[in-house]
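# Architecture and fold: a report
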Amino acid sequence: MSEVKLAAETRTEFGKGAARRIRRDNKVPGVLYGHGSDPLHLTLPGHDLLLALRTPNVLISLDIDGKTNELAIPKAVQRDPLKGFLEHVDLLLVKRGEKVTVEIPVHAEGELAPGGNLLEHVLNALPVDAEATHIPEAVTVSVEGLEAGASIHAKDIALPNGVTLAVDEDAVVLQVLAAQVEEAVEGEETAGEEAAEA
């Protein structure tokens, strides 16, 4: 898992006006919390943070005011709904060796059985407990040859060493749905033709 270093500054100004000024300087307001400590309000470099957040559950090494170093993972990210730029980020303080609960993306690979079946992602992300510095970026599941009605449960997914499920093991993660057949429409046409003949 990659670790990204970011320089952060503590901030003392709060509110919408202060947040707008921070964003105008291509920075992002954020809050670092966890381990029972008081929340620490930070200003983070916008572009570097945006690049870091492309990796799910990225481990961020924060250099705060050039004095202290802290490890954190993103917990909540707010983006502008129209333009997509970062508005605010909540970071969770973590320690090396500590277990954290995170959601990791589920990727499916392979071809379903022939017949136009559809694969439904019941869970797009799988909740797991993992050591903070060894969070997997994603899990990959083979759906090769699965037919309609088949499903993959959380317990069926192979996890890396040290990673455990944080969800019921019988939870459905992926399922295969049968292709929709337009029989009802054909039946209506037949009934219409019979009425016309009578």
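Residues numbered from 1 in each chain as written. Predicted model: local features only at pLDDT ≥ 70, side-chain atom pairs only at ≥ 80, totals over all residues. Heavy atoms only, no water.

## Details of the nonpolar core
Residues Ile73 and Leu126 are the most contacted members of the largest nonpolar core, which totals 23 residues. When contributions to this core are tallied by element, the ones reaching two or more residues are strand E5 (68–79), strand E6 (86–94), strand E7 (99–109), strand E9 (125–131), strand E10 (139–142) and strand E13 (172–177). Counting residues in each nonpolar core, the second largest holds 18 residues, with Leu32, Leu53, Leu62 and Leu86 among its members. (Core = buried A, V, L, I, M, F, W, Y, C linked by side-chain atoms within 4.5 Å. Buried < 20%, exposed > 50% of the residue type's maximum accessible area, 1.4 Å probe, protein only. Helix = DSSP H or I, 4+ residues; strand = E, 2+ residues; numbered from the N terminus.)

## Notes on the environment of alanine 125
Within the element layout of this structure, alanine 125 appears in strand E9. Once the C-alpha coordinates of alanine 125 and valine 139 are considered, the two residues, 14 residues apart in sequence, prove to be 9.1 Å apart. Each residue touching alanine 125, except ones within four places of it in the same chain, is listed here: Glu103, Ile104, Pro105 and Val106. (Contact = heavy atoms within 4.5 Å.)

## Digging into the sheet that holds strand E2 (residues 27–34)
One closed barrel accounts for 6 strands, arranged E1-E3-E2-E6-E5-E4; its pairing is mixed. Each strand of the sheet is rotated relative to its neighbour by a mean of 45°, with strand direction disregarded. Of the strand pairs in this sheet, E2 and strand E3 (residues 37–45) are connected by 7 bridges, and their pairing is antiparallel. Bridge assignment links valine 31 to a residue of E3, and that residue is histidine 41. Against the sheet, helix H1 (residues 16–24) engages E2, E3 and E6, with an angle of about 120° to E2. (Pairing = 2+ DSSP bridges. Axes fitted to C-alpha atoms, helices over the stretch in contact; angles between N-to-C directions.)

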